[in-house]
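Survey of secondary and tertiary structure
Read off the chains here:
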There are 2 protein chains.
Amino acid sequence: MCLSGTLEDKVAAAAAAGFDGIEVFEPDLIASPWSPAELAARCAGLGLTIDLYQPFRDLDSTDPDRFARNLRRLERKFDVMAQLGTSTVLVCSSVSPDAVDDPGRLAEQLAVAADRAARRGLRIAYEALAWGRQVSTWDASWDAVRRADHPALGLCLDSFHVLSRDGDPAGFAGVDPGRIFFLQLADAPHLRMDVLQWSRHHRLFPGQGAFDLPGFLTHVLDAGYAGPLSLEVFNDVFRQADPARTAVDAMRSLLWLEERAAAGRPDLGLPRRPAAPRLTGHSFAELAVDGVSGPRVGDVLAGLGFAHTGQHRTKPVQLWEQGDARVLVNASVVRPAETGVAEVAALGLESADPARSAQRAASLLAPVLPRTRGVAEADLSAVAAPDGTQVFFTRTVPDGWPADFLPTGVPRDAGAGITAIDHVGLTQPFDSFDEAALFYREVLGLGPEALTEIPAPFGLVRDRAVTNAARSVRLTLTASLLRRGEWSPGVPAPQHVAFRTGDIVATAHALRAAGTPLLEVPANYHDDLDARFDLDPARLAAMRELGLFYDEAGDGAYLHLYSGVLGGRVFFEVVQRIGGYDGYGAPNAPVRMAAHRRARLAVAPFG
Amino acid sequence: MCLSGTLEDKVAAAAAAGFDGIEVFEPDLIASPWSPAELAARCAGLGLTIDLYQPFRDLDSTDPDRFARNLRRLERKFDVMAQLGTSTVLVCSSVSPDAVDDPGRLAEQLAVAADRAARRGLRIAYEALAWGRQVSTWDASWDAVRRADHPALGLCLDSFHVLSRDGDPAGFAGVDPGRIFFLQLADAPHLRMDVLQWSRHHRLFPGQGAFDLPGFLTHVLDAGYAGPLSLEVFNDVFRQADPARTAVDAMRSLLWLEERAAAGRPDLGLPRRPAAPRLTGHSFAELAVDGVSGPRVGDVLAGLGFAHTGQHRTKPVQLWEQGDARVLVNASVVRPAETGVAEVAALGLESADPARSAQRAASLLAPVLPRTRGVAEADLSAVAAPDGTQVFFTRTVPDGWPADFLPTGVPRDAGAGITAIDHVGLTQPFDSFDEAALFYREVLGLGPEALTEIPAPFGLVRDRAVTNAARSVRLTLTASLLRRGEWSPGVPAPQHVAFRTGDIVATAHALRAAGTPLLEVPANYHDDLDARFDLDPARLAAMRELGLFYDEAGDGAYLHLYSGVLGGRVFFEVVQRIGGYDGYGAPNAPVRMAAHRRARLAVAPFG
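Because the structure is a prediction, the values reported are computed rather than measured. (Residues numbered from 1 in each chain as written. Chains lettered and ligands numbered in written order. Predicted model: local features only at pLDDT ≥ 70, side-chain atom pairs only at ≥ 80, totals over all residues. Heavy atoms only, no water.)

1. Description of the domain arrangement of chain A
Residue and element names in this part refer to chain A. For the record, the criterion: The split into domains, and so the bounds of each, comes from an automatic or database assignment of domains. Any two residues whose heavy atoms approach within 4.5 Å at even a single point are treated as in contact. A 1.4 Å probe defines the accessible area here, and the buried area is the portion of it lost by two parts on being joined, summed over both. Whenever Lys or Arg places a side-chain nitrogen within 4 Å of a carboxyl oxygen from Asp or Glu, that contact is recorded as a salt bridge. Each residue is assigned to one of three groups, with Ala, Val, Leu, Ile, Met, Phe, Trp, Tyr, Cys and Pro labelled nonpolar, Asp, Glu, Lys and Arg labelled charged, and all others, Gly among them, labelled polar.
Partitioning chain A into structural domains gives domain 1 (7-268) and domain 2 (279-601). For domain 1 and domain 2, the distance between their C-alpha centroids amounts to 44 Å. Taken together, the contacts link 17 residues of domain 1 with 18 residues of domain 2. Between domain 1 and domain 2, roughly 1500 Å² of surface is buried when both sides are summed, and carbon and sulfur atoms account for 50% of that area. Across the pair Arg245 and Glu435 runs a salt bridge, and its minimum N-O distance is 3.2 Å. In terms of residue class, the side of domain 1 that touches domain 2 is made up of eight nonpolar, four polar and five charged.

Structure, rendered in structure tokens:
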């Protein structure tokens, strides 16, 4: 149930992503035209084992008549398992309203069922659902298994059910060796809600949520478990997303989990992978343009104080520089029929070891991009991020990638005071928001910050930054909380490139002197700043005059300004960070979005 | 915040839907280029009053220094209100982590603020947020207002905050007359989750949730409140939906609320509206077809035992009949370039008084459809449902709508035993699922049943039936839980028309004898039926042989079979209800969906 589609779709996706085996979820099989034997044959052909049949519900804690009927039902499922060639069935704790609270009867009925299983050469993995009627904790499930004391009866441990109930995985050490029959892994965000709804809608793959899955796994392995690591993730988004893609995301989460567990416990003998090389900064942002949007982007960059310093030796790519901020304007990408579009196509990230960064990305299932190399072109290692953005691992040295650009002769002067790229904002596809955070953390070693929700004018927007420890690499990832439909006036959160300045008032004056058009900020916004903050009147007057946004947190502050949206997809921001301000001015985002919409409805100076 | 868009979008939508006034939500104003005075002038021009300015947060329960700063902030907002020409500001209970639990200080600071308001001719409506730090119930907010005892200080009552905390609105009778300054209304489903998240994401308009809004309103009116009925609905879907449409839905919810309150309390002098005339059955289902799909639909109807008994006098519309089941096949609708499409375009519902049904619908803001009348055509009253389906109110008598059809001479014989339309299944647009339930209840008098979620192969599907008391009119409404994106192999829940038979085994034999192609049911499905139910082996064998689905509940059962999907949009179902079975075979829906997908991937015999 991690994957969308029919059983046929799911099996294909799991095999393609490199999984060794699958659980068969009964409803999938029931809806499939493949007989159990046919499914087994197809799986074998794809190199997949069938490791579990599930779920069998409401077996126990009932009266003898009903239990007899349940055993009959169980025998029918044993028939299916025999055809599938799988030996283990998951029995979950009863949720029946009339399940009796009688540990003796529970153990006795489990033992009877286990005996039936043993006669068929099968075994039962008993799992405590977090919302089970009488058994809702793993301790209680272990108590039942211990009492039943049958060799064909063991535990299925599910990290969600254990951790959502604040269960202590350290207790697994007290489980008899060999009695953990199966392990299901799921992460989840911390949510204060009914645990059933939390489980059915909001689970995530390991590393995407708030649970300590590496710690959990270590305890299970310490307890002697040597079976499959299986994922059981009920998630509304995954349920409707491309299963081929979700399966890769799922496999990456297991690779992450293995790596974390291995780091903590070298004695376990798990495979090791070299850590992500340190990233030290943004070397460039690359915009894909066409013949219409390219000159417009150039005009805006010039207006922001950038100089067109270089021209690629063999491709229609311009290098624009100001301080250590570099923008590549690339007209070589073949674009669809739509014209006038500009968008962030690539990020250059400075790596301590670009080749090793790329190797690591490839080992974690990031698509490695073919790089068409020409004469005197640097060998740039690049991978695709979940949103399709190309990520280049670079070393910005004279004989590195800059050598691909011939000087135009235009000098790189002080410009408007921009010194570097502060961050790049990337709009994520609806289906891959959670995948993205794990990707950037695992593949690039960037830490995800807290998820926030922005009450944007056209619907809630989820926003999460990923950064390196030194804060010299910052990305902000956004996606609409709900996929947008018919009423969607414009892109809800276009991409952006934010440049840093040490003095935004000076920069803004320079831009104004150059006649650079900037996003207009409504007077009501500055009136509200006046009400909310104790701002020096002269400073507030300057913000008002120059169209600056303001935020503060702790002893730090953030001042920022924006260009209009270019080509419908991308805008520029200029920011000044003061003191320890570590955010991105999120409270101002709705005002910026409304202003961008207004600008689009008006003259649309940037198309 | 009920409506999506910028302040400019919202004001336009509220005025168009006939609202008398608005609340100004501060973030909207801050993001607007309109000065407060300009907004006031625009509202006046549209006939809208500005009834409240909100929210003012974290005013009280703080130290003197911070309170002084808060008063300065409040004075700045009074400046805004003076420009807006609105007299009331909403102050909500503090959520500040360091708000002190000191009822005396709270009352004192509220009184000081109220005094500042009074000096400006303004007043403060104090509201208990359900998650307020010290004040989280309406009783506590009334206690604070009573203690502060200032004429410029009163209560804002919000139905969500009161009812989500199980507050008792009967207690409003103890509030001093005139001290309820403002009323905000919101409904919500019962959810077991953090009240802040429940409030911010899942509120609904009155009549769409589980709260007793009519009872709440009656208590507020009894307490002497005579101000506006305002809606404050935070909802993820409304936040991103077309505001013009949401505003109509909102207004309809208030008309519903007024009607319910009036029914319970004639003494209140609320306007009355004649009740919805009784609906007694499905008179017909109308499919829109084109030259490609029309003959295919005819073939399938013939295969199901229908006879083409009539031809419309002036339009390319065929009447197909079997028992009391009637299907109109209409090729007169101008269709888009896409060919081969068939879909349910209209429902005929038998009304005790068609003209009055239509009048009621119009009074409740349902779009009344122009009916092109030709010679000898019945005057059919029709309105559009939220999904665009045309709803005709009919009387099926010889001089009624059937008189528009000339007999073809084909006799209406016993066919395959189909006797009537059992239900019609309509796929709802993502943005209007909650609107639809209120529409069918209020406009047509059909009761909504419990909302269920179907774990469909390509994502969760929400499903809710609306029925009349006699169960002779049944509609099932479905929508994806998440709007579907790139990975969406086929329509997740196509529309369908379900016909009733008294003996589905006989009907299925007749269809088989006629060679009618039906949806194939996988063998695994019947194996599972065998495991789950105590079915007579002969009966199970018949189900297996004939491709019947089965469900049971209580002492009743449901047997059903399906055609393939026609024109990508619609299929037929044949059902037999046994005993008191009142559902729609929901557990079988995922199996049916997978089978329909398979049929589409295969020969696609129905196109």
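Once the structure has been displayed, the description carries forward.
2. What about the side chain of Arg360 of chain B?
Residue and element names in this part refer to chain B. To be explicit about the condition: Starting at the N terminus, helices and strands are each numbered in turn, a helix being any DSSP run of H or I of at least four residues and a strand any DSSP run of E of at least two. Accessibility here uses a 1.4 Å probe with only protein chains present; expressed as a share of the type maximum, an area under 20% marks a residue as buried, one over 50% as exposed, and anything in between as partly exposed.
Turning to its location among the elements, Arg360 is positioned in helix H12 (residues 354-363). Looking at Arg360, the relative accessible area reads 6%, which means it is buried. Beyond its immediate stretch of four places on either side in the chain, Arg360 contacts Glu259, Arg273, Pro274, Ala275, Ala276, Glu442 and Val443.

3. Thoughts on the sheet that holds strand S9 (residues 307-312) of chain A
Residues and elements named next belong to chain A. Put simply, the rule is: Whether two strands pair depends on DSSP finding at least two bridges between them. To obtain each axis, a line is fitted to C-alpha atoms, and for helices this fit is confined to the stretch in contact; angles are then taken between N-to-C directions over 0 to 180 degrees.
On the basis of which strands lie adjacent, the open sheet formed by eight strands has the order S13-S14-S12-S8-S11-S10-S9-S15 and mixed pairing. Lying at the two open borders of the sheet, with one neighbouring strand each, are strand S13 (381-384) and strand S15 (405-407). Adjacent strand axes in the sheet meet at a mean angle of 30 degrees when their direction is disregarded. Looking at chain direction, strand S8 (residues 279-288) and strand S11 (residues 325-330) are connected through four bridges and run parallel. Residue pairing across strands places Glu286 opposite Leu328, the latter belonging to S11.

4. Brief notes about the UniProt feature "binding site: a divalent metal cation" (unreviewed entry) in chain A
Residues and elements named next belong to chain A. Rules: UniProt positions are given in the numbering used here, feature names are shortened, and annotations may be inferred rather than shown by experiment. Pairs of N or O atoms are called polar contacts if they sit within 3.5 Å, as long as, within protein, a hydrogen donor faces a hydrogen acceptor (for residues adjacent in sequence, only side-chain-to-side-chain pairs).
Using the residue numbers shown here, the UniProt feature "binding site: a divalent metal cation" (unreviewed entry) corresponds to Glu127, Asp158, Gln184 and Glu232. The named residues occupy 106 residues along the chain; their greatest pairwise C-alpha distance, 12.8 Å, places them in one compact cluster. Relative to the helices and strands, Asp158 is located in strand S5 (residues 153-158). Judged by its relative accessible area of 1%, Asp158 falls in the buried class. With residues up to four places along the chain from it excluded, the contact list for Asp158 reads Glu127, Gln184, Arg203, Phe216 and Glu232. A polar atom in the side chain of Asp158 sits 2.7 Å from the backbone nitrogen of Phe160. Considering the arrangement of structural elements, one finds Glu232 in the loop between strand S7 (229-231) and helix H10 (243-264).

5. Focus on the relation of the copies chain B and chain A
Spelled out, the test is: Copies overlap after least-squares fitting; the atoms used are the C-alpha atoms of residues with pLDDT of at least 70 in both.
Overlay of chain B on chain A (RMSD 0.0 Å): rotation 180 degrees, translation along the axis 0.0 Å. Here the symmetry operator amounts to a two-fold rotation axis. Measuring from the rotation axis to each C-alpha of chain B, the shortest distance belongs to Met193 of chain B, at 1.9 Å. Mapped onto chain A, 100% of the interface residues of chain B again fall at the interface, so both copies present the same surface.

6. Considering the side chain of Thr62 of chain A
Residues and elements named next belong to chain A. Assignment of secondary structure puts Thr62 in the loop between strand S2 (49-56) and helix H4 (64-84). Owing to a relative accessible area of 6%, Thr62 belongs among the buried residues under this scheme. Among all residues touching Thr62, those that are not within four sequence positions of it are Phe67, Asn70, Val100, Arg105 and Gln109.

7. So, unusual backbone geometry
Each neighbour pair has its own omega, and for Gln54 of chain A with Pro55 of chain A the value is -10 degrees, a cis peptide bond. Structurally, the position occupied by Pro55 of chain A is in strand S2. Its identity is not glycine, yet Ser61 of chain B carries a phi of approximately 60 degrees, on the positive side. With respect to the secondary-structure elements, Ser61 of chain B resides in the loop between strand S2 (49-56) and helix H4 (64-84). We classify Ser61 of chain B as buried; its relative accessible area is 4%.

8. Topic: the pattern of salt bridges
Scanning all chains against the criterion turns up 80 salt bridges over all chains. Here Arg76 of chain A ties to Asp79 of chain A by a salt bridge, and the two come within 3.1 Å at their closest N and O atoms. Of the two residues, Arg76 of chain A and Asp79 of chain A are both situated in helix H4; the distance of three residues between them amounts to about one turn of the helix. Under the relative-accessibility criterion, Arg76 of chain A is labelled partly exposed at 26%. For Asp79 of chain A, a relative accessible area of 30% corresponds to the partly exposed category. Measuring nitrogen to oxygen at the nearest pair gives 3.0 Å for the salt bridge that ties Asp527 of chain B to Arg544 of chain B.

9. Brief notes about the pairing of strand S21 (residues 495-501) of chain A
Residue and element names in this part refer to chain A. Judged by how many residues are buried, S21 sits mostly within the fold: six of seven residues are covered. As paired elements, S21 and strand S24 (residues 570-578) share six bridges and run parallel to each other. Considered in S24, the bridge of Gln495 is made with Val570.

10. Overview of the packing of aromatic side chains
Quick reminder of the rule: A pair of Phe, Tyr and Trp rings is counted when the ring centres sit within 6.5 Å of each other, with Trp represented by its six-membered ring. The angle between the planes then sorts it: under 30 degrees is stacked, over 60 is edge-to-face, the rest tilted. In this scheme, Lys NZ or Arg CZ marks a charge over a ring once it lies within 6 Å of the ring centre and within 35 degrees of the ring normal.
For the coordinates displayed, the defined rule picks out 34 aromatic pairs over all chains. Note on Phe160 of chain B and Phe211 of chain B: the rings are 6.1 Å apart at their centroids and 55 degrees apart in plane angle, and the pair reads as tilted. Separated by 51 residues along the polypeptide, Phe160 of chain B in helix H7 (residues 159-164) and Phe211 of chain B in the loop between helix H8 (195-202) and helix H9 (213-222) bring together distant segments of the chain. Note on Phe160 of chain B: relative accessible area 0%, which makes it buried. Overall, Phe211 of chain B belongs to the buried group, its relative accessible area being 10%. Here the aromatic residues Phe284, Phe392, Trp401 and Phe405 of chain A are joined through ring pairs into a cluster of three or more. The aromatic ring of Tyr584 of chain A is capped on one face by Arg577 of chain A, whose charged end is 5.2 Å from the ring centroid. Positioned over the ring face of Phe181 of chain B is Arg123 of chain B, at 4.0 Å from the centre of the ring.

11. Observations regarding helix H14 (residues 504-513) of chain A
Residue and element names in this part refer to chain A. Rules: By arc we mean the arc of the directions from the helix axis to the C-beta atoms, nothing more.
Within the sequence span of H14, burial applies to Ile504, Thr507, Ala508 and Leu511. Summarising the axial view, the buried residues of H14 lie within an arc of 95 degrees, below the 170-degree limit, and thus occupy one face. Summarising the contacts, the buried residues of H14 are in contact with helix H11 (293-303), S21, helix H16 (537-546), strand S23 (556-562) and S24. Between a side-chain oxygen at the N-terminus of H14 and the backbone nitrogen of Val505 the separation is 3.2 Å; the capping residue is Asp503. Taken from the residues just after H14, Gly515 is the one with a positive phi, measuring 75 degrees.

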